[in-house]
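Each chain, letter by letter, is given below.
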Amino acid sequence: MLRTKPEIAVMGLAGIHNYGDNFILDCVAYLIDRGGRYRAEAIDLEAPLKGGRAFLYAGILVLTKFLPKKRLRAELEYLAVRIRCGAYYRKALENKAALIFGSGSFKYGTQKLWAYYSLAVETAQRLRIPVMFNGMNIQKSDLGDWKCRFLADHANFPCVRMITSRDGESGERRLREEYGIRREICCKGVGDAAFWIPECYRMKRSVGNKKVGINLIYGNIFRRYGNSLTEEELLTAYCGLLGKLDEDKVDWELFTNGLPADYRFGKKVLKRYGNVQREIRVPKSAEELLRIIGSYETILGARLHACICAYSLDIPFVGFLWDEKLRFFAGMAGLKENFIEERELSADCLYRKLRLAGSGMLPADKEKREKWKLLSVRMLEAFQDCIYDENKETL
């Protein structure tokens, strides 16, 4: 009789309509299944909201906006996440061999990830389930921030065995030196799991399409991440680029990674440019986003995983630098020339970089990409090795 493979829970952001996040979750699950010893179950970090629990969750979050003390706001935010996800996590992790976070960012600043991680780690600790954070961008720590300290404490729980970082050696150092990750926990730089997109989705880029894909992002993204570029300046750069492409008779198309805020900014771009009837392509799934990106000859990537998708498919691209995760990707992949600094961001610079990329002057280092891909696999295998003996009786 065939025995059922033990399951590893792979938790990520599957429901926020930024389908770049789904690339990470799907690729981590693919690599687990590919290994053959375990079966991956992809689980959304955010539990579905319904009934009285949804009302209570929303009410607590509204209350936090009126509290003067940051710690009290954070404690209430964590309470809200416990109400939303506590029972959901217990059920999702029951009888699992391990938990792997496949969400891409180890951070406390946005998206309540610090709270989701901490609650899931607490649950795993009670259930005696080993935990791995896989391929994380590591936010710079601020130990004066209660949320940062709370995340650091939970990342040092006994059940946590491994933390890998897509920031390379910089991520390793930050984990050890800033978050105080204990020596017993393995920390290692790896590639982004989404480098495995072609294998995971069994897709290749289309050949023969001469269209340029222009990826959208909401207007105040630079300001939100501590930069100075305004929405008006970003709007001007987009419109100026479209004008130059039209002057050169280059076919172009706007697209998003799925987020409504990015689509709304795209409508502003088209209104300013005077072409409101032009279509903006909005994917409804990760597979559709992949098909959209794969159909272009060249990409302007505003979001990280638009860039990584293009990179994995060998589509020439250029991108913005609005957060350090893009800077780390550029550095570890050897693609610094593909990215545009905030101070340089203009229609002229965007157009010049796109022409360079399209003419093959900004090629990807494929050997370096393969090295990072294989390192990702080795570390996932190492994590499975360390839990295999504990679970082999169920095989």
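That block above? That's the structure.
Definitions and limits used
Residues numbered from 1 in each chain as written. Predicted model: local features only at pLDDT ≥ 70, side-chain atom pairs only at ≥ 80, totals over all residues. Heavy atoms only, no water. Phe/Tyr/Trp six-rings, centres within 6.5 Å; stacked < 30°, edge-to-face > 60°. Helix = DSSP H or I, 4+ residues; strand = E, 2+ residues; numbered from the N terminus. Buried < 20%, exposed > 50% of the residue type's maximum accessible area, 1.4 Å probe, protein only. Expected span 1.5 Å × (residues − 1). Contact = heavy atoms within 4.5 Å. Pairing = 2+ DSSP bridges. Core = buried A, V, L, I, M, F, W, Y, C linked by side-chain atoms within 4.5 Å. Axes fitted to C-alpha atoms, helices over the stretch in contact; angles between N-to-C directions. Parallel < 35°, antiparallel > 145°, perpendicular 65-115°, else oblique. Left-handed = near helix turned anticlockwise from the far one by under 90°. Nonpolar A, V, L, I, M, F, W, Y, C, P; charged D, E, K, R; others polar.

A.B. asks: Quick question: what am I supposed to make of the packing of aromatic side chains here?
C.D. replies: On inspection of all chains with the given rule, the structure shows 23 aromatic pairs. Plain terms: the ring middles of Phe 106 and Tyr 179 are 5.1 Å apart, the flat faces sit at 85° to each other, and that makes the pair edge-to-face. Here Phe 106, found in strand β4 (residues 105-106), pairs with Tyr 179, found in the loop between α6 (169-177) and β7 (186-189); they are 73 residues apart in sequence, far enough to count as distant. Comparing Phe 106 with Tyr 179, the two get one shared label, buried. Relative to Trp 146, the ring of Trp 114 has its centre 6.0 Å away and its plane inclined at 80°; by these criteria the two rings are edge-to-face.

A.B. asks: Just to check I follow, could you spell out helix α14 (residues 347-358) for this structure?
C.D. replies: An α-helical turn contains 3.6 residues, so a residue and the one three or four places further along point in the same direction. Over its twelve residues, α14 extends 16 Å from the first C-alpha to the last, a length consistent with the 16 Å expected when each residue adds 1.5 Å. Along α14, the residues that are buried comprise Ala 347, Cys 349, Leu 350, Tyr 351, Lys 353, Leu 354 and Ala 357. On its buried face, α14 sits against β8 (212-215), α9 (231-247), β11 (298-301), β12 (317-320) and β13 (339-340). Just beyond α14, the residue with positive phi is Gly 360, at close to 85°.

A.B. asks: Explain the sheet that holds β13 to me, please; I cannot follow it from the model alone.
C.D. replies: Strand pairing in a sheet is mediated by backbone hydrogen bonds. Such pairs are either parallel or antiparallel. What the six strands build is an open sheet, ordered β10-β9-β8-β11-β12-β13; its pairing is parallel. A strand with exactly one partner marks an edge of an open sheet, and here the two such strands are β10 (280-281) and β13. Note: β8 against β11, three bridges, orientation parallel. Bridge pairing in β11 links Ile 214 to Leu 300.

A.B. asks: Looking at this structure, how should I read the environment of Ser 165?
C.D. replies: Turning to its location among the elements, Ser 165 is positioned in strand β6 (residues 160-165). Along the chain, Ser 165 and Ala 97 lie 68 residues apart, while their C-alpha atoms are 22 Å from each other. Ignoring anything within four residues of it in the chain, the contact list for Ser 165 reads Gly 135, Met 136, Ile 138, Gly 171, Lys 188, Gly 189 and Val 190.

A.B. asks: Hey, could you run me through the nonpolar core in this one?
C.D. replies: Grouped burial of nonpolar side chains is what soluble globular proteins tend to show. Core analysis: the biggest nonpolar cluster contains 95 residues, and Ile 214, Tyr 238, Phe 320 and Phe 329 have the highest contact counts within it. Per element, the largest residue contribution to this core is nine residues, and it comes from helix α1 (residues 19-35). Not counting the four nearest positions on each side in its chain, Ile 214 is found in contact with Tyr 238, Leu 241, Leu 242, Leu 245, Trp 252, Glu 253, Leu 254, Phe 255, Leu 300 and Leu 354. One finds Ala 115, Tyr 116, Val 131 and Leu 175 within the second-largest nonpolar core, a separate group that totals 51 residues.

A.B. asks: Explanation requested: the packing of helix α12 (residues 304-312) against helix α13 (residues 324-332) in the structure shown.
C.D. replies: A pair of packed helices is characterised by two quantities: the angle between their axes and the separation of those axes. With their axes 10 Å apart at the nearest point, α12 and α13 run at an angle of 20° to one another. Here α12 lies roughly parallel to α13, going by the angle between them. Once α12 is placed against α13, the crossing between them reads as left-handed. Of the residues in α13, those touching α12 at Leu 304, Cys 307, Ile 308 and Tyr 311 are Lys 325, Leu 326 and Phe 329. Class assignment of the residues belonging to the contact of α12 with α13 gives a composition of six nonpolar, no polar and one charged.

A.B. asks: How should I be thinking about unusual backbone geometry in this particular structure?
C.D. replies: Notably, Arg 128 is not glycine yet its phi reads approximately 60°, a positive angle. Along the chain, the position of Arg 128 falls in the loop between α4 (113-127) and β5 (131-138). At Asp 314, a residue that is not glycine, the phi angle is positive and equals roughly 60°. Considering the arrangement of structural elements, one finds Asp 314 in the loop between α12 and β12.

A.B. asks: Is there a simple way to think about the environment of Asp 314 in this case?
C.D. replies: With a relative accessible area of 32%, Asp 314 lands in the partly exposed category. Along the sequence, Asp 314 and His 17 sit 297 residues apart, while their C-alpha atoms lie 25 Å from each other. Not counting chain neighbours up to four residues away, the residues in contact with Asp 314 comprise Arg 205, Lys 366 and Arg 369.

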